[in-house]
Amino acid sequence: MEKQSLASLLQIKHPVIMAPMFLVSNTKMVIEGMKSGIAACIPALNYRTLEDLRASIIELKQAKVSGGSFGYNLIVNKSNVKYKEQLRVLCEEGVDFIITSLGSPEETIAEAHKVGIKVFCDVTDLAFAKKVESLGADAIIAVNNQAGGHRGNIDPEALIKLLNEQTNLPVISAGGVGSKDDLDKMLGYGAVGVSVGSPFIASNEAGVSQEYKQACVDYGAKDIIMTERISGTPCTVINTPYVQKVGTKQTWLETLLNKNKSLKKWVKMIRFYIGMKATEKAATQVTYKTVWVAGPSIEDTTAILPVQQIVQKLVG
């Protein structure tokens, strides 16, 4: 069965979503992405208040152009205490799509569909893909082992083919795309489109420090490692001297507390909060504590460029 293309699903010119990146994504990037004919997404958690979130949606609705599309990412597990209110605001204002991560998308799908919003769900394996299909997701985002941030364990080709064979949902590949050749490869494996994040960190419009952007130019795929020290869940970062100094494993105390069933949820929430605050400081200020999240697709990043030029490099 032929699956609906990403361009058709979102009414965009090119089969690309600018992936939601914590602290990096902003409305400037999304607007420039839409002007380039792609979709773009912002984490709802990038906004401290619901009023700020609502204002950003209104700004993007006013700036939307034909051939572009915008959406928001929701963390749908208990670590995000703002989730339900964020979902309410997205549904009240109206967005083109929502991407769900790290939890059950059941409520999001039900509420979003009431107002005509499409829901794409991050998955890393077949079991979760079949679960979100049963809940009515519009597409799955196949997070492979080349993705930045919280990545999967399966290589892109195997994951795309597995999900295509075993589900009826369109498969959007996330991870490992830094060039047009990479994009064409994912489409050749059977993806209907791709979600691309790390190459856009080194954009003029990204609201992070020049040092963070330049790091994505200076470092490459070989410099990306996994750490448990940010959110408690393995996450990819650039292997800076500071990361080498503090190590990548949880402390003995964190490990011990995570084994305690009654404390585990609270430990995870506290670890997530502390980690996000540390990442925020590193992203926006120049300090020796540089923990910069990125994926191996920075290999093809050779200069800090406007978003529209980065899109052109991807789509040709």
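Along each chain, residues carry numbers from 1 onward, in the same order as the chain's sequence is written. Local features in a predicted model are, by the rule used here, given only for residues with pLDDT of at least 70; side-chain atom pairs are given and counted only at 80 or more, and totals for whole chains, interfaces and linings are based on all residues. Excluded from the side-chain calculation are hydrogens and water; included are all heavy atoms of the structure.

### As for helix α2 (residues 27–35)
Thought 1: Per-residue accessibility, obtained with a 1.4 Å probe over protein chains only, is compared with the maximum for each type, and a residue is labelled buried under 20%, exposed over 50%, and partly exposed between these values. The way it works is that DSSP assigns letters per residue, a run of H or I at least four long becomes a helix, a run of E at least two long becomes a strand, and they are numbered from the N terminus. Most of α2 sits inside the fold, with 7 of its 9 residues counted as buried.
Thought 2: At the N-terminal boundary of α2, the capping side chain belongs to Asn26, with an oxygen 3.1 Å from the backbone nitrogen of Lys28.
Thought 3: Remark: Gly37 follows α2 within two positions and exhibits a positive phi of approximately 90 degrees. Contacts described as polar in this section are N or O atom pairs within 3.5 Å, which, within protein, must combine one atom able to donate a hydrogen with one able to accept it, while residues neighboring in sequence count only if both atoms come from side chains.

### Focus on the packing of helix α6 (residues 126–135) against helix α7 (residues 156–166)
Thought 1: Where α6 meets α7, the closest approach of the two axes is 10 Å, and the angle between their N-to-C directions is 40 degrees. Taken together, the axes of α6 and α7 lie oblique to each other. The handedness of the crossing between α6 and α7 is right-handed. For the pair α6 and α7, the contacting residues are Leu126, Ala129, Lys130 and Glu133 in the first and Leu162, Leu163 and Gln166 in the second. As a rule, the C-alpha atoms of each element are fitted with a line to give its axis, helices using only the stretch in contact, and angles between N-to-C directions run from 0 to 180 degrees. For classification purposes, angles smaller than 35 degrees are called roughly parallel, those larger than 145 roughly antiparallel, those between 65 and 115 roughly perpendicular, and all remaining angles oblique. Handedness of each helix crossing follows the sense of rotation of the near helix against the far helix: counterclockwise by less than a right angle gives left-handed, clockwise gives right-handed. Here, two residues are considered to be in contact whenever any of their heavy atoms come within 4.5 Å of each other.

### Re the pairing of strand β7 (residues 171–174)
Thought 1: Residues Val171 and Ser173 of β7 are buried on one face, and the alternating residues Ile172 and Ala174, pointing to the opposite face, are buried as well.
Thought 2: Bridge count between strand β6 (residues 139–143) and β7: 4 bridges; the pairing is parallel. In the sheet register, Ile140 faces β7, and the bridge partner there is Val171.
Thought 3: Seen with its strands pointing away from the viewer, a crossover is right-handed if its path from the first strand over the helix to the second goes clockwise. Between β6 and its parallel partner β7, the chain crosses via α7, and the hand of that crossover is right-handed.
Thought 4: Of the strand pairs in this sheet, β7 and strand β8 (residues 193–196) are connected by 3 bridges, and their pairing is parallel. From the neighbouring strand, Ile172 faces β8, where its bridge partner is Gly193.
Thought 5: One crossover worth recording links β7 to the parallel β8 by way of helix α8 (residues 180–189), and it is right-handed. Pairs of strands are assigned from DSSP output, requiring at least two bridges between the strands.

### Observations concerning helix α4 (residues 83–93)
It helps to recall that an α-helix has 3.6 residues per turn; residues three or four apart then point in one direction.
Thought 1: Along α4, the positions that sit buried rather than exposed are Tyr83, Gln86, Leu87, Val89, Leu90, Cys91 and Glu93.
Thought 2: Its buried side turned inward, α4 meets α3 (50–63), β3 (69–75), β4 (97–101) and α5 (106–114).
Thought 3: After α4 finishes, the residue Gly94 shows a positive phi value of roughly 90 degrees.

### Some details on the nonpolar core
Thought 1: Residues Tyr72 and Phe200 are the most contacted members of the largest nonpolar core, which totals 69 residues.
Thought 2: Look past the residues within four positions of Phe200 in its chain and what remains in contact with it is Met18, Met21, Met29, Ile38, Ala206, Val307, Ile310, Val311 and Leu314.
Thought 3: With 17 residues, the next largest nonpolar core counts Ile17, Phe97, Phe120 and Val192 among its residues. Throughout this description, the term nonpolar core refers to a set of buried Ala, Val, Leu, Ile, Met, Phe, Trp, Tyr and Cys residues connected via side-chain atoms within 4.5 Å.

### Things to note about the pattern of salt bridges
Thought 1: In the sections that follow, a salt bridge refers to a side-chain nitrogen of Lys or Arg positioned within 4 Å of a carboxyl oxygen of Asp or Glu. Tallying each qualifying case throughout the model produces 12 salt bridges.
Thought 2: Two residues, Glu32 and Lys35, come together in a salt bridge whose shortest N-O distance is 3.3 Å. One end of the pair is Glu32 and the other is Lys35, both in helix α2 and 3 residues apart, which spans about a single turn.
Thought 3: Its relative accessible area of 17% is what places Glu32 among the buried residues.
Thought 4: Taken together, the shared-partner salt bridges in this structure form one network comprising Arg54, Lys61, Glu85, Arg88, Glu92 and Glu93.

### Observations regarding the sheet that holds strand β2 (residues 39–43)
Thought 1: Here 8 strands make up a closed barrel; going around it, the order is β1-β2-β3-β4-β5-β6-β7-β8 and the pairing parallel. On average, each strand axis in the sheet is inclined to that of its neighbour by 25 degrees, with strand direction left out of account.
Thought 2: On top of the sheet, α2 reaches β1 (16–18), β2 and β3; it is set at about 165 degrees to β2, its chief contact.

### A look at the pairing of β8
Thought 1: The two faces of β8 match: Gly193 and Ser195 on one face and Val194 and Val196 on the other face are all buried.
Thought 2: Here 3 bridges tie β1 to β8, and the two strands are oriented parallel to one another. Note on β8: the bridge partner recorded for Ile17 is Ser195.

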